[in-house]
Amino acid sequence: MGCVNLWFLLFPMDESQARKLIVEIGKLMYEHSYVVSSDGNVSIRLDEDTVVATPTMTCKGRMTEDCLALADMEGKPLSEQRASSELAMHLLIYKMRPEIKAVCHAHPPHGTAFAVAGLAIDKPILSEVILTLGCVPLTDYGTPSTNELTGAMKPFVEHHNALLMANHGAVAYGEDLWQAFDRLETLEHTAKIAILAKALGGAIDLPDEAIEKLINIREKAGYLKANARCQACGYLHDAGIACDLDVSYPSANGAGERRISFTREELIELLSQAAKLG
Ligand SMILES: [Zn+2]
């Protein structure tokens, strides 16, 4: 018996509980303005072959338990109700990460502003975020509900717990639906703080030693596993604590390229030194 079977045997997910929880989280997503109109989708993996998901073209703030759809792991409908056309995104994550049991996709305004501006949420500016979420990479643009979208996400799913999709929105996932929602909320909150800090002159990065301490704490406490050192975070490389695996990520809109910035004074100093050397 594979580990996925064993997991579901030990921790079966009750379908009516799952439906209740999806309706509750849908309301929260709507009330927090993470979605408007019929945006976004939520699902829970019930067992090895079945997911319960939000239906297509329905406002997440006004769902009822009986409006949710059932589908198999290939996306085939198992109920009269039809799941969201973006279910493929959820199925990709479930297939690549057997421990993941719930997925939340939304368009939270601050996180989505990063995705629209071609930016990842990957700066070491908040200690709690390093402890609990890590970096949120930006994946290349793909037309919603097509293979383009899932293809762009694929390289990032294994080592991250939330992703931004260029010119689209965000997706977060977890071992239960609350964890998936919490991660979405942390993503949005971090993006909001980063934007506010920019208005105040810019956020100040934590130093390498502080980052290393946080990474050690999160692994000891079990918040994130050691494989999170393989995330697309420039600061893990700068601090010399990135994983040993040879992981390379495609960069969306060139956003993954390392950028170095100087103040005007530093640039003048650098140029004058170069002139002296010349
Ligand atoms: Zn969407």
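In this report, the structure presented in the accompanying data block is examined.

## Remarks on the coordination of the zinc ion
No. 1: Coordination of the zinc ion by the protein comes from His-105 (NE2), His-107 (NE2) and His-168 (NE2), over a distance range of 2.1 to 2.3 Å.
No. 2: Sequence spacing of the donor residues for the zinc ion, all on one chain, is H-x1-H-x60-H.
No. 3: Of the residues examined, His-105 reaches a relative accessible area of 0% and is grouped as buried.

## Things to note about helix 8 (residues 208-221)
No. 1: With 14 residues, helix 8 should reach 20 Å at 1.5 Å per residue; the first-to-last C-alpha distance of 20 Å fits that figure.
No. 2: At its buried positions, helix 8 is contacted by helix 5 (127-132) and helix 9 (234-238).
No. 3: A positive backbone phi angle near 80° is found at Gly-222, which sits one or two residues after helix 8.

## Quick word on unusual backbone geometry
No. 1: Phi is positive for Ser-145, close to 60°, though the residue is something other than glycine.
No. 2: Positionally, Ser-145 belongs in the loop between strand 5 (138-139) and helix 6 (147-157).
No. 3: In this model, Asn-167 sits at a positive phi of 55°, which is unusual for a non-glycine residue.
No. 4: Within the secondary structure layout, Asn-167 lies in the loop between strand 6 (162-165) and strand 7 (169-174).

## Details of the state of the cysteines
Working definition of a disulfide: a covalent bond connecting the sulfur atoms of two cysteines.
No. 1: Throughout the structure, instances matching the rule amount to 2 disulfides.
No. 2: Here Cys-135 connects covalently by a disulfide to Cys-233, the sulfurs 2.1 Å from one another. Between Cys-135 and Cys-233, the disulfide has an S-S torsion of 135° and is therefore right-handed. Of this pair, Cys-135 sits in the loop between helix 5 and strand 5 while Cys-233 sits in the loop between helix 8 and helix 9, and the two are 98 residues apart along the sequence.
No. 3: Assessed through its relative accessible area of 2%, Cys-135 is described here as buried.
No. 4: According to the relative accessible area criterion, Cys-233 is buried, its value standing at 2%.
No. 5: Ordinal numbering of bonded cysteines along the protein chain defines a disulfide pattern of 1-3, 2-4.

## Some details on the packing of aromatic side chains
No. 1: One pass over the full model with this rule turns up 3 aromatic pairs.
No. 2: Taken together, a centroid distance of 6.3 Å and an interplanar angle of 85° make the contact between Trp-178 and Phe-181 edge-to-face. Linking Trp-178 with Phe-181, this pair stays in helix 7 (residues 177-199), spanning 3 residues, or about one helical turn.
No. 3: Through successive ring pairs, a cluster of aromatic residues spans Tyr-34, Trp-178 and Phe-181.

## Brief notes about the pattern of salt bridges
No. 1: Throughout the structure, instances matching the rule amount to 5 salt bridges.
No. 2: Here Lys-95 ties to Glu-74 by a salt bridge, and the two come within 3.3 Å at their closest N and O atoms. With Lys-95 in helix 3 (residues 87-96) and Glu-74 in the loop between strand 3 (69-72) and helix 3, the pair connects residues that are 21 residues apart, well separated along the chain.
No. 3: Judged by relative accessible area, which is 64%, Glu-74 ranks as exposed.

## Observations regarding the environment of Lys-76
No. 1: Note that Lys-76 resides in the loop between strand 3 and helix 3.
No. 2: Not counting chain neighbours up to four residues away, the residues in contact with Lys-76 comprise Leu-70 and Ala-71.

## Structural notes on the sheet that holds strand 4 (residues 102-106)
No. 1: Spatially, the 7 strands line up as an open sheet ordered 3-2-1-4-7-6-5, and their pairing is mixed. The sheet is open, and its two edges are formed by strand 3 and strand 5, each paired on a single side.
No. 2: As paired strands, strand 1 (residues 41-45) and strand 4 are joined by 4 bridges and run antiparallel to one another. What sits directly across from Ser-43, in strand 4, is Val-103.
No. 3: Here helix 2 (residues 15-31) sits on the sheet and contacts strand 1, strand 2 (50-53), strand 3 and strand 4; the angle it forms with strand 1, its principal contact strand, is near 155°.
No. 4: Taken strand by strand, helix 6 contacts strand 5, strand 6 and strand 7, and its axis lies near 145° from that of strand 6.

## Structural notes on the nonpolar core
No. 1: By size, the foremost hydrophobic cluster in this structure holds 40 residues, and its most contacted members are Met-29, Ile-44, Cys-104, Leu-164 and Leu-177.
No. 2: When contributions to this core are tallied by element, the ones reaching two or more residues are helix 2, strand 1, strand 4, helix 4 (109-117), strand 6, strand 7 and helix 7.
No. 3: The dominant element in this core, judged by the number of residues it contributes, is helix 7, at 7 residues.
No. 4: Sequence-distant contacts of Ile-44, defined by excluding residues within four places in its chain, comprise Met-13, Ala-18, Leu-21, Ile-22, Thr-50, Val-51, Val-52, Tyr-94, Lys-101, Ala-102 and Leu-177.
No. 5: By size, the runner-up hydrophobic cluster in this structure holds 25 residues, among which are Ala-53, Leu-149, Met-153 and Met-165.

## Details of the packing of helix 3 against helix 6
No. 1: Closest axis-to-axis distance for the helix 3/helix 6 pair is 10 Å, and the angle between their directions is 30°. In terms of their interaxial angle, helix 3 and helix 6 are classed as roughly parallel. Viewed along their axes, helix 3 and helix 6 form a crossing whose handedness is right-handed. Residue-level inspection shows Ala-88, Met-89, Leu-92, Ile-93 and Met-96 of helix 3 in contact with helix 6, the latter providing Leu-149, Thr-150, Met-153, Lys-154 and Val-157.
No. 2: Within the contact of helix 3 with helix 6, the residues separate by chemical class into 8 nonpolar, 1 polar and 1 charged.

The rules behind each value
Residues numbered from 1 in each chain as written. Predicted model: local features only at pLDDT ≥ 70, side-chain atom pairs only at ≥ 80, totals over all residues. Heavy atoms only, no water. Donors = N, O, S within 2.8 Å, 3.2 Å for Na, K, Ca; no water. Buried < 20%, exposed > 50% of the residue type's maximum accessible area, 1.4 Å probe, protein only. Helix = DSSP H or I, 4+ residues; strand = E, 2+ residues; numbered from the N terminus. Expected span 1.5 Å × (residues − 1). Contact = heavy atoms within 4.5 Å. Disulfide = S-S within 2.5 Å. Phe/Tyr/Trp six-rings, centres within 6.5 Å; stacked < 30°, edge-to-face > 60°. Salt bridge = Lys/Arg side-chain N within 4 Å of Asp/Glu carboxyl O. Pairing = 2+ DSSP bridges. Axes fitted to C-alpha atoms, helices over the stretch in contact; angles between N-to-C directions. Core = buried A, V, L, I, M, F, W, Y, C linked by side-chain atoms within 4.5 Å. Parallel < 35°, antiparallel > 145°, perpendicular 65-115°, else oblique. Left-handed = near helix turned anticlockwise from the far one by under 90°. Nonpolar A, V, L, I, M, F, W, Y, C, P; charged D, E, K, R; others polar.

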